[in-house]
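Next come the chains, spelled out residue by residue.
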Amino acid sequence: MVLEGNPEVGAPRTSDLQHPGNKGSSPGEEAQPGEEPIKYGELIVLGYNGCLASGDKGRRRSRLALSRRPHANGVKPDVMHHISTPLVSKALSNRGQHSISYTLSRSHSVIVEYTHDSDTDMFQIGRSTENMIDFVVTDTSPGGGATEGPSAQSTISRYACRILCDRRPPYTACIYAAGFDASSNIFLGERAAKWRTPDGLMDGLTTNGVLVMHPAGGFSEDSAPGVWREISVCGNVYTLRDSRSAQQRGKLVENESNVLQDGSLIDLCGATLLWRTPAGLLRAPTLKQLEAQRQEANAARPQCPVGLSTLAFPSPARGRTAPDKQQPWVYVRCGHVHGYHGWGCRRERGPQERECPLCRLVGPYVPLWLGQEAGLCLDPGPPSHAFAPCGHVCSEKTARYWAQTPLPHGTHAFHAACPFCGAWLTGEHGCVRLIFQGPLD
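Every chain begins its residue count from 1, and numbering advances along the sequence as written. Local features in this predicted model are restricted to residues whose pLDDT is 70 or higher, and side-chain atom pairs enter the listing and the counts only when it is 80 or higher, whereas totals over whole chains, interfaces and linings include all residues. The side-chain numbers reported here are obtained from all heavy atoms of the structure, hydrogens and water having been left aside.

Under an unreviewed UniProt entry, the name given to the protein is E3 ubiquitin-protein ligase pellino homolog, and the source organism is Nannospalax galili. According to its UniProt record, the protein has this under Sequence similarities (unreviewed entry): "Belongs to the pellino family." UniProt positions are given in the numbering used here, feature names are shortened, and annotations may be inferred rather than shown by experiment. Its UniProt record, at the heading Function (unreviewed entry), says of the protein: "E3 ubiquitin ligase catalyzing the covalent attachment of ubiquitin moieties onto substrate proteins."

Shown next, in the form of structure tokens:
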């Protein structure tokens, strides 16, 4: 998966400056020259360890901040029209008018016009590379890496979802399914799930849906995974459909909302994003803390219990290339850490299957890599656990949280995955406590 976005999300765009309602922003609420713009939160793409494989360059990034725009570009529902099909194309041709079209039949459509909202900023996410999409997201395969090329069949919508952020405190961020296209329209065809609400308004779902999970207890040391829900075009919350693209909607969940919380997960059917609030990021470990932990772990001079060579975690600057001679390796079934060696192979079970020389358990034998995306960590604890079978290392609470968090996969399946590379977790617990041997001298 690759995510693209404006290097400074919140910088003025042509669509912002040309909007007739942008002149209505309240005076005194814009950032003064030299001041940092107010940050609403950050979106972190699961499956990358702090940086895209090709590097964070320009609009391509694995982590993006949403900041208050110089001029509001949010929209809100205004007028609803019941029209016949010949009038639909005319109504949708006005690019200056945002609208959502609900096709009920070949002869009947409902169009809801939207008007400018000077109190909100809108950010759009999807697969399309058109200018109105702030973050361009493509699919990720398990184990990390984008599914690219013309032959790749994406399940992410071109205009997947939109986030509206209040421009005034407490800067609430709300998520809605579907984004507006180049003509400022959202079009729900005849086959899309749609319905009339009890108050006479319209609502609907996108083809593969936008799922959201809010963690219980916030995103902290005491967090627990929440329940996956589906978000509608109008921001209402529903239980999941029988399958991802079923036409029958789930049940309305009246006591839950579309307000994003620290640690909320957003799944777009092929890409999963984590929402972090500014307050939550203040509690998260910093890159400086992660580097101090790496140096502390290396200063303990762990040794291979068989080869007696000194082991050391490589620096993040080296990247995840071929392991060097000091790279620590682990047997993911037992957690015993060694240096690399070529014995103990069990070819009949696969090329990565090895027998641990200390406890004789047979399982994957992989190099250890430190988790470097600090926003995915629940606490600044020491790097004591590794995900199985990929070998990414983080704190115990971080490892256990992600190991018990099911992430959507396909039309109806869920799998726990490593947040740093996206590899599906295996084994009884999905992670293992690392057992290092100290120096013998």
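S.K.: Any details on the overall build of the protein? Residues and values, ideally.
M.R.: Helix and strand definitions follow DSSP, with helices as H or I runs of at least four residues and strands as E runs of at least two, each counted in order from the N terminus. Summing up its helical and strand segments, the protein has five helices and 28 strands in all. A simple rule labels every residue: compare its accessible area, found with a 1.4 Å probe on the protein chains alone, to the largest value its type can have, and call it buried under 20%, exposed over 50%, or partly exposed in between. When burial is assessed residue by residue, the protein has 51% of its 441 residues classed as buried. Sequence separation of 24 or more characterises 64% of the internal contacts of the protein that already satisfy a separation of 6 or more. Within the structure as shown, the protein displays about 20,300 Å² of accessible surface, and the carbon and sulfur contribution to it stands at 52%. Contacts between residues were defined by any pair of non-hydrogen atoms, one from each residue, lying within 4.5 Å. Residue exposure ignores everything except the shown protein chains as possible cover, and the areas themselves are Shrake-Rupley values with a 1.4 Å probe.

S.K.: I'd love a proper account of the side chain of R229, names of residues and values included.
M.R.: Turning to its location among the elements, R229 is positioned in strand β15 (residues 228-231). By relative accessible area, which is 17% here, R229 ends up buried. Beyond its immediate chain neighbours, meaning those up to four positions away, R229 contacts V210, L211, V212, V237, Y238, T239, L240, V253 and E256.

S.K.: A description of the pattern of salt bridges should follow, citing residues and the corresponding values.
M.R.: Salt bridge criterion: a side-chain nitrogen from Lys or Arg within 4 Å of a carboxyl oxygen from Asp or Glu. Scanning all chains against the criterion turns up 15 salt bridges. We note a salt bridge from D262 to R276, for which the minimum N-O separation is 2.7 Å. Here D262 is found in the loop between β16 (237-238) and β17 (265-267), whereas its partner R276 is found in strand β18 (residues 272-276), with 14 residues between them in sequence. As far as the burial class goes, D262 and R276 line up, both buried. One salt bridge in this structure joins R294 and E291, with 2.8 Å as the shortest N-O distance.

S.K.: Which residues make up helix α4 (residues 287-299), and what are the values?
M.R.: Here the expected span of a helix is defined as 1.5 Å times the quantity of residues minus one. Taking 1.5 Å of rise per residue, the 13 residues of α4 would be expected to cover 18 Å, and the 18 Å separating its terminal C-alpha atoms lies within 8% of that figure. Along α4, the residues that are buried comprise L290, Q293, R294 and N298. The buried residues of α4 occupy one face: seen down the axis, they fall within an arc of 130 degrees. Summarising the geometry of α4, the exposed residues directed more than 90 degrees from the buried face are K288, E296 and A299. Elements that come into contact with the buried residues of α4 comprise β23 (369-370). At the exit of α4 stands R301, carrying a positive phi of roughly 50 degrees. The directions from the helix axis to the C-beta atoms form the arc being described.

S.K.: Quick rundown of the sheet that holds strand β28 (residues 431-433)? Include the residues and the values.
M.R.: Here we have four strands laid out as an open sheet, ordered β23-β25-β24-β28, and mixed in their pairing. With one partner strand each, in any of the chains shown, β23 and β28 form the two edges of the open sheet. Here strand β24 (residues 385-387) runs beside strand β25 (residues 392-394); their pairing, made up of two bridges, is antiparallel. Along β25, the bridge assignment pairs H385 with C394. Note on definitions: angles span 0 to 180 degrees between N-to-C directions of axes, and those axes are lines fitted to C-alpha atoms, for helices only across the stretch in contact. Set on the sheet, helix α5 (residues 396-403) makes contact with β24, β25 and β28; between it and β24 the angle comes to about 30 degrees. Paired strands, in this sense, are two strands between which DSSP finds at least two bridges.

S.K.: Which residues make up the nonpolar core, and what values go with them?
M.R.: Note on terminology: a nonpolar core comprises buried Ala, Val, Leu, Ile, Met, Phe, Trp, Tyr and Cys residues joined through side-chain atoms within 4.5 Å. Within the largest apolar cluster, 43 residues are counted, with the highest numbers of intra-cluster contacts made by L43, L66, I125, I163, I175 and L268. Ignoring anything within four residues of it in the chain, the contact list for I163 reads L43, L66, D121, M122, F123, I125, A173, C174, I175, L260 and I266. Core analysis: the second largest hydrophobic core is formed by 27 residues, L211, F387, C390 and C421 among them.

S.K.: Tell me about the sheet that holds β17, residues and numbers included.
M.R.: Read from one edge to the other, the open sheet built from seven strands follows the order β3-β2-β18-β17-β14-β15-β16, with strand pairing classed as antiparallel. The sheet is open, and its two borders are formed by β3 (63-67) and β16, each paired with just one other strand. Across five bridges, the pairing between strand β2 (residues 39-45) and β3 is antiparallel. Bridging from a neighbouring strand, K39 pairs with S67 of β3.

S.K.: How would you explain the pairing of β2 if you had to name every residue and give the values?
M.R.: Taking burial as the measure, the seven residues of β2 include six buried ones, the bulk of the element. The pairing of β2 with β18 spans four bridges and is antiparallel. Each residue of the ladder has a partner; that of E42, found in β18, is R276.

S.K.: Kindly report on unusual backbone geometry, identifying the contributing residues and their values.
M.R.: The linkage connecting P169 with the following residue, P170, adopts the cis geometry, with an omega of 5 degrees. With respect to the helices, strands and loops of the structure, P170 is situated in the loop between β9 (161-166) and β10 (173-177). Backbone torsion omega between A388 and P389 reads 10 degrees, so that peptide bond is classified as cis. When you line up the elements, P389 lands in the loop between β24 and β25. For Y171, which is not glycine, the phi torsion reads 60 degrees and is therefore positive. Positionally, Y171 belongs in the loop between β9 and β10.

S.K.: If you had to explain the environment of A173 to someone new, which residues and values would you point to?
M.R.: Structurally, A173 is set in strand β10. It is 9.3 Å that separates the C-alpha atoms of A173 and D121, two residues lying 52 residues apart in sequence. Apart from residues no more than four positions distant in its own chain, A173 is found in contact with I163, L164, C165, N258, V259, L260 and W275.

S.K.: Account for the packing of aromatic side chains, naming residues and giving values.
M.R.: Think of it this way: a Phe, Tyr or Trp ring, Trp meaning its six-membered ring, pairs with another when their centres are within 6.5 Å, and the plane angle makes it stacked under 30 degrees, edge-to-face over 60, tilted otherwise. As enumerated under the stated definition, the model contains 13 aromatic pairs in all. When the centroid spacing of 6.3 Å and the interplanar angle of 65 degrees are considered together, the rings of F219 and W402 count as edge-to-face. Linking F219 in the loop between β14 (210-213) and β15 with W402 in helix α5, this pair joins segments that are 183 residues apart in sequence. Like F219, the residue W402 is buried in the burial classification.

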